[in-house]
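Chains, contacts and geometry: an overview
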Amino acid sequence: METVWFLEFGLLIFFFQALALVSSEEKECVPGFEGNMLVFKVERKHLPMGRALGKVGFNCSTQKTFVFSDDDHFKVESDGTLKVKKRVSLLGGDKHFSVHAWDSQGHKVTLPVWVLHQGARHHPSNGHGQHHHGNRLEKYQSNHHEYHRHHPRNHHHQRHNTEVDSFNKTELTASPEVPVLYFPKSSRGLKRQKRAWVIPPINFAENDRGPFPTPMVQIRSDADKEVVVKYSITGQGADLPPLGLFTVDRNSGQLYVTQPLDREKQEHYKLQAHAVVAGSGNAEEPMDIIVNVIDMNDERPFFIQDVFTGTVPEASPIGFEIITIEAKDLDKVGTANSDIRYRIQNQDPKLPSDNLFDINPVSGVIRVNARGLDREKYSKYTLDVEVADDEGRGLVGRGKVTLTVTDSNDNAPIFEQSTYEAMVPENKEAALVAKMTVTDGDEAHSPAWNAIFTIVDGDPEKCFAVKTGPNKQEGIITTVKTLDFEVNNKYTLLVTVENEVPFANTLTMVTATATVVVNVQDVNEAPEFNPPEKVVVKREDLVVGSDLVQYSATDPDTARAQKVSYKIVKDLAGWLSVGKDTGLIKVKSPMDRESHFVKDNKYTALIGAYDNDEVPATGTGTLVIQLEDVNDNAPTIDERIIKVCNKKPVPQMLSVTDKDAAGFAAPYTVSLQGMSRTNWTARMNDTKTGIILTLATDLPRGEYSVVLRVADNQGLEQDSTLQATVCDCSGAYVAVCEGARKAGTVLPAVLGVLGAILLLLLLVLLLLMFLRRRGGEKKEPLLPEDDIRDNIYYYDEEGGGEDDQDFDLSVLHRGLDNRPDVVRSDVLPILLPARQYRPRPANPEDIGNFIDDNLKAADNDPTAPPYDSLLVFDYEGGGSDAGSLSSLNSSSSGDQDYDCLGEWGPRFKKLADMYGGGEDDML
């Protein structure tokens, strides 16, 4: 039973598949056009290239090839859009042609197309017949139906009720029945693919006047034949801003636009169509719909500026380009709607002619069209300009252009003087020579008025320069090189003047010139050494007083015949002297190549030469003496103190230095002198530049003197003494030598200490005797006791004496009594607050700041002793016999004996000779 049931079920499935296949073949789409004829109605007789007329609809999206049977002025895009390929003129009122299509089997389908000018169609009126263009269209329609009657195969797939009639539209063709868009489907199982559908975009003209809502397309799903399908849309213009621009009838799928579209705001909209089965979910996958907004000539061109301004020289030639104006059109670029043209509508004033200017209609360049511009008569022109789209036949925008006529260089500048003369001192840079003024008849401060000066002759060495002054009408000549009276005492310059811009081409003008005579004034110039730096090579042991070099200078002022004298300006070592009249330089003191004044064996001195003018001028020359070395320095040992162990002593390396050059230095030789030869050995190292000193005997600890005689390669020798400390140690390790004694000098050292002690005791004894003698002798008063100046008291103790005398001290205090504002400083001030002192810090690091702060406080504290400040005294008496200090002088009696001073030594002997008379008095 199960097997029989399975066979029956399989036969049933096969039956239904076969039935579905037959049904699919019956509903198979037949390729062809959606209507029998297309009619496009346009408003203009002239159709520009690229103009879109409408769209050709197809039943199936099979592969097609489009051609034109009798007119190549039109083309069909791949999406079915019919466009103008070449410019078309509907002078006869209409244009008709045919569009052909071939399906995948090579079958040809033909569709007639009419393009009618809007004014070519007339409706019947008052019983009169139709316009002849209507008869032609009617005749064409009847012939076309007759064609399909004899060709049923081609006619089979045409929809008889989809004939396109564009008389109800004003711009683009539209069918009374809107196009239908089906949701695409994919094949499932044994079911064949129904159609290969490419969803074409929907083209809708901007600024359509409705009525709204206006149907655009109908959305259909194949499932609506079996179930109830609800339609909806999403995307821009639906549920996204701008909201509500597009709507759809949920039952029929009719897509509407609710208001006019504006391409300048948005060129296209992307929508998604949805088909939903009530209660069962999506019936189709969402379908993308593109709505393209077709550009209309709705934007008026406009100028980018309200007023354009430009300048034109009055002498401009014909064709001279003045200014470029620019306008824009917001319609679609590349179409006639944005193809603009320029033109000049009016010129004000219309003098001297009304066509002085013209404009390039495409680029907007305004040019000079005629001669006659004259700034002095008409300095400004105003042009009314227009711009129109559609190659100048469409919408118009207006603007203004203001042109200012500028001055041309039709007046040459002229010098106020033809000749100028100036005096310039020699050797002066940037000296002012002359100022030249010109006049010009052109407009002031314009390029045709501003002057430019040029020196064209008389200055072959380029000693002068000329520039234009701040007022642009003055030429200023200055020197750029120093002038030399002895070389050239007079210059004659030729100067020309022009303007910043060339002279007008229509005029022939002569360039003005002026002559400038420059006289060079002679000034006193300093003598010049030749060469400025002189180098001589001399031995450093040149004898004092010998001639070094003759270094002479010459006076460039040949016309003055002045005498040149010489002097030493700089001689740091004081080695040189120069003959005042001859310039012969001699050696004044011995020269030394090893002196610190010599750098790189060169000694530099500065020699001066001056003339005998009222205001002498001094020139200097540099003398460089290259000193040749002589062997005048014996070698010396650098080390003076050494330490060495007395057991297994290590040899000591001693360095030798010779100030002389290499030719008088190494190789050196060395020898020990005196007692040093007994205990020490000395020899030169391998390079003969250092000494190896070795202790030869075991000496007791102590200090020893070692005498070494070192000679250079020329035999110049010198003894050097070293202090050697011998320690009780062994090898290279030298311990600290405590209690070291100097061998051979123990007894003299002891004697020296005893002598120092005795000398100290003698000084103490002399001091005691002096003090005792001073205390016992009677003091002699400086003045007699009966001196009338009894206001002076002599006392031994400080701070006493005033209370013991009956003196009137009111004289001394009279100043303080009259000045109560002065505080006495010999007593503690009262009524003055004491300063606050900083307490001792806890941190030891602040001790320094603590001391500084309290020191400053104590210095400014009036209550801190000592109280020593200003004391005021008004009168101290008069009548001193001594007079001024200048009256003090030495006694001239000559009774003082100064000979004893000569016994005190050479220094006091000089003093004795000065005051007592001696050898100096005999001179």
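What you see is a predicted model, and the numbers here were worked out from it, not measured in a lab.

1. Structural notes on the sheet that holds strand β28 (residues 414–415)
In a beta sheet, neighbouring strands are held together by backbone hydrogen bonds and run either parallel or antiparallel to one another. Strands sit in the order β28-β30-β33-β32 across an open sheet of four strands; the sheet is antiparallel. Every other strand in the sheet has two partners, leaving β28 and β32 (464–468) as the edge strands with one partner each. Relative to strand β33 (residues 474–479), β32 is paired through five bridges, and the arrangement is antiparallel. Residue pairing for β33: K467 is matched across the bridge by I476.

2. Considering the packing of aromatic side chains
The geometry of an aromatic ring pair is captured by two quantities: the separation of the ring centres and the angle between the planes. Counting across every chain of the model gives nine aromatic pairs. A ring pair is formed by F303 and F308, whose centres lie 6.0 Å apart and whose planes are at 75°; its orientation type is edge-to-face. Neither residue differs from the other here; F303 and F308 are each classed as buried. Residue F303 is classed as buried on the basis of its relative accessible area, which comes to 8%.

3. Things to note about the sheet that holds strand β23 (residues 341–348)
Reading across from one edge, β20-β27-β26-β23 is the order of the four strands in this open sheet, with mixed pairing throughout. Only two strands of the sheet have a single neighbouring strand rather than two, namely β20 (307–313) and β23. Strand-to-strand twist in this sheet, taken as the mean axis angle between neighbours without regard to direction, amounts to 30°. Of the strand pairs in this sheet, strand β26 (residues 380–388) and strand β27 (residues 396–406) are connected by nine bridges, and their pairing is antiparallel. Bridge pairing in β27 links D384 to K400.

4. Considerations on the side chain of S408
Looking at where S408 falls in the secondary structure, it is placed in the loop between β27 and β28. At a separation of 2.9 Å, a polar atom in the side chain of S408 contacts the main-chain amide nitrogen of A315.

5. Quick word on the side chain of D331
Within the element layout of this structure, D331 appears in the loop between β22 (327–328) and β23. Within the buried core, D331 has no salt-bridge partner, and the shortest N-O distance to an opposite charge, that of R263, equals 5.1 Å. With residues near it in sequence (within four places) discarded, D331 still touches E206, R263, E264, D295, M296, N297, D298, E299, N337, S338 and D389.

6. Quick look at the state of the cysteines
The final tally for this structure, using the stated rule, is one disulfide. Between the sulfur atoms of C645 and its disulfide partner C729 the distance amounts to 1.8 Å. Residues C645 and C729 are joined through a disulfide that is left-handed, its torsion about the S-S bond being -100°. Residue C645 is found in strand β46 (residues 641–647), and its partner C729 is found in strand β52 (residues 717–730); the two are separated by 84 residues along the sequence. In this structure C729 comes out as buried when scored by relative accessible area, which is 8%.

7. Remarks on the confidence of the model for the chain
Here the chain shows a mean pLDDT of 75. Residues at 70 or above account for 71%. Low pLDDT, under 50, characterises residues 1–7; the stretch is placed with zero contacts to residues that sit more than four places away or in other chains. In the predicted structure, residues 918–923 sits below a pLDDT of 50 and forms four contacts with residues beyond four places in sequence or in another chain.

Calculation rules
- Residues numbered from 1 in each chain as written.
- Predicted model: local features only at pLDDT ≥ 70, side-chain atom pairs only at ≥ 80, totals over all residues.
- Heavy atoms only, no water.
- Pairing = 2+ DSSP bridges.
- Helix = DSSP H or I, 4+ residues; strand = E, 2+ residues; numbered from the N terminus.
- Phe/Tyr/Trp six-rings, centres within 6.5 Å; stacked < 30°, edge-to-face > 60°.
- Buried < 20%, exposed > 50% of the residue type's maximum accessible area, 1.4 Å probe, protein only.
- Axes fitted to C-alpha atoms, helices over the stretch in contact; angles between N-to-C directions.
- Polar contact = N/O pair within 3.5 Å; in protein donor to acceptor, adjacent residues only side chain to side chain.
- Lys, Arg positive; Asp, Glu negative; His and termini not counted.
- Salt bridge = Lys/Arg side-chain N within 4 Å of Asp/Glu carboxyl O.
- Contact = heavy atoms within 4.5 Å.
- Disulfide = S-S within 2.5 Å.
- pLDDT = per-residue confidence, 0-100.

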